[in-house]
Amino acid sequence: MIEINQVTKKFQDKKTYVTAFKHVTFTVNKGQVVGLLGENGAGKTTLLRSIATLLTPTDGSISVAGFDTVKNSDSIKRKIGVLFGGETGLYDRLTARENLEYFAALYGMSKHETKVRIEELAKMFGMKDYLNRKVGGFSKGMRQKVAIARTLIHNPDIILFDEPTTGLDITSSNVFRQLVHQLKRDGKTIIFSSHIMEEVSMLCDSVAMMHKGELVHHGSLEALYKSEGSRDLNYIFMSKLVRGNEDYAS
Ligand SMILES: Nc1ncnc2c1ncn2[C@@H]1O[C@H](COP(=O)(O)OP(=O)(O)O)[C@@H](O)[C@H]1O
Ligand SMILES: [Mg+2]
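Under an unreviewed UniProt entry, the name given to the chain is ATP-binding cassette domain-containing protein, and the source organism is Sutcliffiella horikoshii. Entered under Sequence similarities (unreviewed entry) in the UniProt record, the comment concerning the chain runs "Belongs to the ABC transporter superfamily."

## Topic: the site of ligand 1
Around ligand 1 lies a shell formed by Phe11, Val18, Ala20, Glu39, Asn40, Gly41, Ala42, Gly43, Lys44, Thr45 and Thr46. Contacts to ligand 1 include glycine 41, whose backbone N or O atom sits 2.7 Å from an oxygen atom. Here threonine 45 contributes a side-chain N or O atom positioned 2.7 Å from an oxygen atom of ligand 1. Protein burial of ligand 1: of its 560 Å² of free accessible surface, 61% is covered by the chains. Take the shell around ligand 1: its biggest share by element is three residues, from helix H1 (residues 44-51). A per-class count over the shell around ligand 1 returns four nonpolar, five polar and two charged.

## Here's the deal with helix H4 (residues 111-125)
Here H4 spans 21 Å end to end across 15 residues, near enough to the 21 Å set by a 1.5 Å rise per residue. Within the sequence span of H4, burial applies to Thr114, Arg117, Ile118, Leu121, Ala122 and Phe125. Across the axial projection of H4, the buried residues extend over an arc of 135°, all falling on one side. Those residues of H4 that are exposed and aimed more than 90 degrees away from the buried face are His112, Lys115 and Lys123. At its buried positions, H4 is contacted by helix H3 (96-106), helix H5 (140-152) and helix H6 (170-185). Of the residues flanking the end of H4, it is glycine 126, one or two places downstream, whose phi is positive at about 60°.

Rules used in this analysis
- Residues numbered from 1 in each chain as written.
- Chains lettered and ligands numbered in written order.
- Predicted model: local features only at pLDDT ≥ 70, side-chain atom pairs only at ≥ 80, totals over all residues.
- Heavy atoms only, no water.
- UniProt positions renumbered as here; feature names shortened; annotations may be inferred.
- Near = heavy atom within 4 Å.
- Polar contact = N/O pair within 3.5 Å; in protein donor to acceptor, adjacent residues only side chain to side chain.
- Areas by Shrake-Rupley, 256 points an atom, 1.4 Å probe, with all protein chains shown as cover.
- Helix = DSSP H or I, 4+ residues; strand = E, 2+ residues; numbered from the N terminus.
- Nonpolar A, V, L, I, M, F, W, Y, C, P; charged D, E, K, R; others polar.
- Expected span 1.5 Å × (residues − 1).
- Buried < 20%, exposed > 50% of the residue type's maximum accessible area, 1.4 Å probe, protein only.
- Arc of directions from axis to C-beta.
- Contact = heavy atoms within 4.5 Å.

Below you can see the structure in the form of structure tokens.
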């Protein structure tokens with residue numbers, strides 16, 4: 001379970017403060033898949049980084065699997081897998097297998113355990129043919145698969161993906177979508193940010209919508225469709241943003 005409790009994150013930029021998001025509160029239950037929606041600059045990446053213990057909230061608190069992200073970050077790190085858009089965290093000079101072995105070692109996994117897990121992931125992602133090739137020569141889609149495999153190497157219960165399909169072609173996006181279904185069947189808790197409403201409506205149980213650093217909606221997709229009288233998430237999102245802006249103006 002992830003509990004985000006009245007969290008605000010401000011960055012100091014020279015003498016001014018930039019508020020990435022403020023007073024965000026919501027809970028994600030075990031086994032839920034949550035879509036984090038918002039325009040560029042809404043605060044999605046900063047929120048995911050805060051949940052991943054990589055940033056300290058300016059105010060409020062976040063707990064992940066019962067641990068506080070500031071006080072118990074080490075306990076959380078072992079339980080979560082994180083993948084941030086753009087940065088795959090892979091070493092070009094190493095093969096896909098060596099990259100995965102490197103990260104497995106960081107988690108203290110045994111040689112045998114690592115071998116079995118790499119086989120499993122390679123099968124899952126159809127990476128067997130290029131496991132022993134250097135990542136430097138990989139296409140974007142191949143890289144992304146290895147990056148996702150890296151995120152899952154230690155079989156984490158909680159997974160955070162920041163815009164996992166942005167810039168991927170349709171085949172690689174579909175691999176990601178199948179993966180989320182699989183992880184959901186395995187009872188994993190997932191939060192992922194996305195611009196793609198179709199993807200969110202297909203994969204998620206609930207959505208958290210951010211707008212200019214505020215949480216404008218959180219709840220189950222079904223409840224949202226019901227209350228908005230529409231199943232068109234794109235339309236709902238846009239109308240929420242317009243209403244959000246009106247609230248700011250008033
Ligand atoms: N390290 C940082 N220093 C200063 N401002 C930042 C930093 N990281 C993010 N921000 C600001 O916080 C806001 C939210 O950014 P971000 O979380 O990246 O949004 P999103 O991922 O939704 O596009 C933006 O105004 C951004 O400029
Ligand atoms: Mg972002």
